[in-house]
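Chains, contacts and geometry: an overview
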Amino acid sequence: MRGIAFVWQFGEVVLAIALAPLFAGWIGQCRAWMQNRSSPPLTQQYRMLRKLFNKDVALADNASRLFRTAPYVLFASMVLAAAIIPSVVTDLPFARAADAIALIGLFATARVFQALAAMDIGTSFGTMGARREMMVGFLAEPALFMVFFNAFLLFGSTALTSLVDNYATHPSVIDPSVIFAGIAFVMVLLAENARIPIDNPATHLELTMIHEAMVLEYSARHLALVEWASSVKLFNYACIGIALFLPWGIAIHGANIRAVLIALAVLVVKLAFCGAGLALIESLSAKLRIFRAPEFLAMAFLIAVLGLLVHLLLGANTSA
Amino acid sequence: MNFHIWATSAINIISTHELSSVMTVVACWLVLAIACLVRPHSIRYVARFLFPLGALACVAMSCLAAAILLSGQSPEVATLALGLPDLPFHVRLDALSAFFLMLLGLAGAGISTFAAGYFRSGEGTAPGLLGLQYHVFLASMAVVMLADDAYLFMVAWETMALTSYFLVTSQHRIPEIRRAGFLYLLMAHLGAVCILLSFGVMQGGSWQFTFDAMRNATLTPFWATAAFTLALLGFGAKAGLVPMHVWLPEAHPAAPSPVSAMMSGLMLKTAVYGLLRIAFDLLHVQFWQWGVVLLVLGLFSGLFGAIFAAVQTDMKRLLAYSSIENVGLIFTAIGLSILFAASHMPLYGALALAAALIHALNHSLFKSMLFLATGSVLHATRQRSLGKLGGLIRFMPWVATLALIGTLAIAGLPPLNGFVSEWLLLQAFLSTPQLPHAFVNMLIPLGAAALALTVALAAYVMVKFYGVIFLGQPREASLKEAHDANWLERIGLCWLAVGCVVIGVQPQLALKAAGRATGMLLGQAVAPPPSIWRIAPISSEQASYSGSIFLAVILSVVAITFLAVRLVAHGRVRRTAAWDCGYPWQNSRMQDTAEGFGQPIRHMFDSFFKMERDLPLPTDIRPRYRIHIEDRFWSALYQPVAAVVQRLADAISFLQGGRLAFYLLSSFLTLLALLVLVLWQ
């Protein structure tokens, strides 16, 4: 293990933590432009975090220790996820500790902690949000797994870093299953990150919200950590998508500083495009009723399975 | 270095007498069982003195078994001076038995310690009798795992069924419990008949009932499949595989909590052991189709169990359905392993089998622990309905904290042990496209998806379980007087929680132990770990996982974040009332109920259930909402069969006239007819 790898590792994590609010802000700005509104500045998210960190915490009387610990666990899970996902370099020492399946497990851990914390105070909104979040989660998880299954069939690994390495060393022709997997992944991304059409990040209308209902009781630094963690989560998902479907430019094993700098620039450009794309999808679609959410996610799942079958059928044909 | 030499010599001493040491532990349990009768009404003597001794014997058993697995000895056999003349008992200790004995010892130690603090006087059966049944139950499970002939196996199997029946019905004055016990006994015996028939088929005309003879018998494909099917039915009934699962959600809640823990954590595993012994060791996994059958049944059980668990309102029933789910996962893994092994891919077969074994071990730890936690809750609150609990984390911090570990583990979340086995199983699923059966290849990804759905649903179920019991506001005023578990109970729970964490962060230990068993059954273990930090069962490039690094990173990031936030944020913490949306008349009844939390599942999977719903009318003065959910298998499968049996019994009931002479005559005639049949042949 070379020492430089740990430098890359550390740098990548810091990059994810630092850039994530900017990415969320960028999506907000694009949405505002597309909807013909005047937009908040790009740095709005940072200002909000600073404000929240400076406030007094208003904690419910019956909040237990679980409630106060959950934001830290949430944040730590997302940081660990950022350490596993190859966004700039693939030479990541921690990536060996967890592959894509462990990544799904990590997101599940964060989700369970958030849901438990939401149930801790015992208000009806908290439990309702927890129930809905768990519902979305258990439907999204199999779809995400199918996407990774697809990637595994193409590149023979479940470790995201090896996936990108294998892609760079054997750039195969585009397999049609990738398109299916890509669509499914975007749908999972929207659902998991509380975006339209499953949830609306900007709403405070009680009956429609999921994520906001869960964090209703949080304030000040706890809320700041929760919000920061959810923007890192969105950033992570975007980086997973980039690693799986647009891996060009990521600095593979044994890259030098120049390649890493180029990879960083490429990442910023790709994220800018992804953010604009997400904003476009969100502007074009309407929020679904909560009962339609299972249909949306079942569709994501079926598309992913279809991709898998396409791959297997084509594979059977070529080998026959 | 000295320590190393000392440890090796200790292992050598143990391993030279491994079988006799194991038999000594079994004998200890039997002695304890008899000792319980000395002062059967004294809680102090039976519970506080004898049960901890039983727990020590469990620890000894797990240490012995672990030593055997580590040293990797060849199987040891012995013939006991017991049994019928000409039909002695054979015992055998090999890697498979050792693995399951280790499981028995590990979980049994925690359960026995907890039970020492749990049993109170005046609850059903006298403590001495309970102790007798409990320890005989433990010993018979160990003998099942040691038996090397069908005779001893069946004797131990039946002893296990009977003692557990008496334990289930320890509060036999309650009619539901008697009914649950009867259903359990019935299913146990139907299963036992199937197993007996399976042994009958496997001896293959040689009339030798030792397992050695069965190993060497050659069966035609038809008879081999018949033996496998019978074994599957028999062990499936014991394990709670759908559709033989109906007794499980009735019997587990009826039993006292340590007994539920024993049944769910340990007894279901004897069925897994039996199936592995027959399918792999005695029948040598001949056909991949067996694997497909097991895979389908296992996946269906898993999904079925998870869906039903999500709509339960009784905490022990919820856990019972979750056991069905976990058994489903174990059987799925076994099925996959058979599929690989019969297709000559032993490495992947070993991977799937290791997943099955480790999941069995994990389930015995976390499920026992959760059942025990419900026992503490039951004693503290006298409530088992989820709708009357809530907020217990504030009154029972020990139980709540330990149960949180169990909850996270059973939900399959890293870095705890539940995730390890599920990760291994998913890795095995990823290797299926290399199978040589094109059609199966197409369908198995769907199986992987069903598995992922089941695992994700399990997380939903466990959030419901933990959230409704321990979080929120207490739904009844009396809950505020709830007291925490006593120290013996805490030790028992801690033991199991530590087991969950250790296997989670050091999965290579479990993988090594399981590797011995897979090596014995398939001649192949999974790839050795590339370093002591992580596991990579196929190859390092394909997939690797490290629980310890995972946990270390999360904990250190939590610590760093906490310190950083301390430095940055200066805000004080102010306690206020929870936000009430401007509606100050909120009360604890407005939280989600258990029914409410399960509502999305009921909505999505309503074809699984048979539902009766009473909705209140707007004019009701005291509106009540009631929902009753029933298993469709009852009306579709069991009730018709029961009706036919009833009709047949009615038709021949004239035989039961109550006259002894007639009974003697009919026995005599039957005997005569049989003699004629034998002579005529």
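Here the residue index of a chain counts from 1 through its sequence in written order. Chains and ligands are labelled sequentially in the order written, the chains with letters from A and the ligands with numbers from 1. In keeping with the predicted nature of the model, local features appear solely for residues at pLDDT of at least 70, side-chain atom pairs appear and are counted solely at 80 or more, and the whole-chain, interface and lining totals rest on all residues.

Each helix is a run of DSSP H or I of at least 4 residues and each strand a run of E of at least 2, with the numbering of both proceeding from the N terminus. In terms of regular secondary structure, chain B is built from 23 helices and 5 strands. Taking 681 residues into account, the globule formula puts the C-alpha radius of gyration at 26 Å, and chain B, at 26 Å, falls close to it. Here the C-alpha coordinates of chain B stretch approximately 95 × 70 × 60 Å along the principal axes. With C-beta atoms placed from the backbone, the exposure class of a residue follows from how many other C-beta atoms lie within 10 Å of its own: 20 or more, buried; 12 or fewer, exposed; in between, partly exposed. Counting across all 681 residues of chain B, residues that qualify as buried make up 54%. We call two residues in contact when the distance between their C-beta atoms, placed using the backbone, is within 7 Å. A sequence separation of at least 24 residues applies to 79% of the contacts in chain B between residues at least 6 apart. Using C-alpha atoms as the atom set, the radius of gyration is obtained and then compared with a globule rule of 2.2 Å times the number of residues to the power 0.38.

Turning next to the overall build of chain A. Across its full length, chain A carries 11 helices and 1 strand. For chain A, the succession of helices and strands along the chain, N to C, is α-α-β-α-α-α-α-α-α-α-α-α. Compactness check: chain A gives a C-alpha radius of gyration of 20 Å against a globular reference of 20 Å for 320 residues, within 12% of the reference. Overall, the C-alpha framework of chain A stretches about 65 × 45 × 40 Å when taken along its three principal axes. Here chain A holds 320 residues, and the buried ones make up 60% of them. Restricting the contact set of chain A to residue pairs at least 6 apart, pairs at least 24 apart contribute 80%.

Do not read the predicted coordinates in detail wherever pLDDT is low. You can read pLDDT as the predictor saying how much it trusts each residue, on a scale of 0 to 100. Scored by pLDDT, chain B comes out at a mean of 87, with 97% of its residues at no less than 70. Prediction confidence for the complex, expressed as pTM and ipTM, is 0.92 and 0.92 respectively.

Moving on: the interface of chain A and chain B. Contact residues are listed per partner, giving 71 residues for chain A and 67 residues for chain B. Put simply, the parts of the chain that give the side of chain A that touches chain B at least two residues each are β1 (57-60), α3 (65-84), α4 (100-120), α5 (124-155), α9 (220-245) and α11 (293-319) of chain A. It is α5 of chain A that contributes the most residues to the side of chain A that touches chain B, 16 residues altogether. Each residue gets one label: Ala, Val, Leu, Ile, Met, Phe, Trp, Tyr, Cys and Pro are nonpolar, Asp, Glu, Lys and Arg are charged, and the others, such as Gly, are polar. Within the side of chain A that touches chain B, the residues separate by chemical class into 46 nonpolar, 15 polar and 10 charged. In this sheet, strand β3 (residues 573-576) of chain B lies alongside β1 of chain A in parallel orientation, the contact comprising 4 bridges. Bridge pairing in β3 of chain B links Val57 of chain A to Val573 of chain B. Two strands are counted as paired when DSSP detects at least two bridges linking them.

Next up on the list: helix α21 (residues 594-604) of chain B. Along α21 of chain B, the residues that are buried comprise Ala594, Phe597, Gly598, Pro600 and Ile601 of chain B. The arc that holds the buried residues of α21 of chain B, viewed along the axis, is 140°, so those residues lie on one side. On its buried side, α21 of chain B packs onto α5 of chain A together with α12 (288-310) and α17 (438-470) of chain B. Of all possible arcs, the one meant is that of the directions from the helix axis to the C-beta atoms.

Moving on, we come to the environment of Leu233 of chain B. Residue and element names in this part refer to chain B. Here Leu233 lies in helix α9 (residues 221-239). For Leu233, a count of 18 C-beta atoms within 10 Å gives the class partly exposed. Along the primary structure Leu233 and Leu451 are separated by 218 residues, whereas in three dimensions their C-alpha atoms are 22 Å apart.

A few words on the nonpolar core. To define a nonpolar core, we join buried Ala, Val, Leu, Ile, Met, Phe, Trp, Tyr and Cys residues through C-beta atoms within 7 Å and take the resulting set. Of all hydrophobic cores here, the largest spans 379 residues; its most connected members are Ala184 and Ala304 of chain A together with Phe99 of chain B. Apart from residues no more than four positions distant in its own chain, Ala184 of chain A is found in contact with Ala143, Met146, Val147, Ala300, Ile303, Ala304 and Gly307 of chain A.

Further remarks concern the packing of helix α16 (residues 417-430) of chain B against α17 of chain B. Residue and element names in this part refer to chain B. Only the stretch in contact is used when fitting a helix axis, every axis being a line fitted to C-alpha atoms; angles between N-to-C directions are given from 0 to 180 degrees. In the contact formed by α16 and α17, the axes pass within 10 Å of each other and the chain directions differ by 165°. Relative to α17, the element α16 lies roughly antiparallel. Here α16 runs over α17; the crossing is left-handed. Counting all contacts with α16, which are made through Glu422, Leu425, Leu426 and Phe429, the residues of α17 involved are Ile444, Gly447, Ala448, Leu451 and Val455. Broken down by class, the residue content of the contact of α16 with α17 amounts to 7 nonpolar, 1 polar and 1 charged. In these notes the angle categories are as follows: under 35 degrees is roughly parallel, over 145 is roughly antiparallel, 65 to 115 is roughly perpendicular, and the rest is oblique. For a crossing to be left-handed, the near helix must be turned anticlockwise from the far one by less than a right angle; the clockwise case is right-handed.

All names here are of chain B. Sheet analysis places strand β1 (residues 76-84) next to strand β2 (residues 87-93), joined by 6 bridges and oriented antiparallel. Residue pairing for β2: Ala78 is matched across the bridge by Val91. Hairpin connection between β1 and β2: a loop of 2 residues separates the two successive antiparallel strands, and Asp86 in this loop has a positive phi of roughly 70°.

The subject of this paragraph is helix α6 (residues 150-168) of chain B. Residue and element names in this part refer to chain B. Relative to the 27 Å expected for 19 residues at 1.5 Å per residue, α6 spans 26 Å between its end C-alpha atoms, a close match to the ideal helical length. Within α6, the full set of buried residues consists of Ala150, Leu152, Phe153, Ala156, Trp157, Met160, Ala161, Thr163, Ser164, Phe166, Leu167 and Val168. Residues of α6 that are buried sit in contact with β2, α5 (127-146), α7 (175-202), α10 (248-254) and α11 (257-282). The span expected for a helix works out to 1.5 Å for each residue beyond the first.

Turning next to unusual backbone geometry. Residues and elements named next belong to chain A. The residue after Ile196, namely Pro197, is reached through a cis peptide bond having omega 15°. Inspection of the secondary structure puts Pro197 in the loop between α7 (176-192) and α8 (211-214). Positive phi, normally seen in glycine, also occurs at Ala194, with a value near 55°. If you trace the backbone, Ala194 turns up in the loop between α7 and α8.

Quick look at the environment of Ser198 of chain B now. All names here are of chain B. Examined against the element boundaries, Ser198 turns out to sit in helix α7. Accessibility expressed as a C-beta count within 10 Å gives 24 for Ser198, which makes it buried. Taking C-alpha positions, Ser198 is 42 Å from Phe49, a pair spaced 149 residues apart along the chain. Apart from the residues lying within four places of it in its own chain, the contact partners of Ser198 are Ala227, Leu230, Ala231, Gly234 and Ile278.

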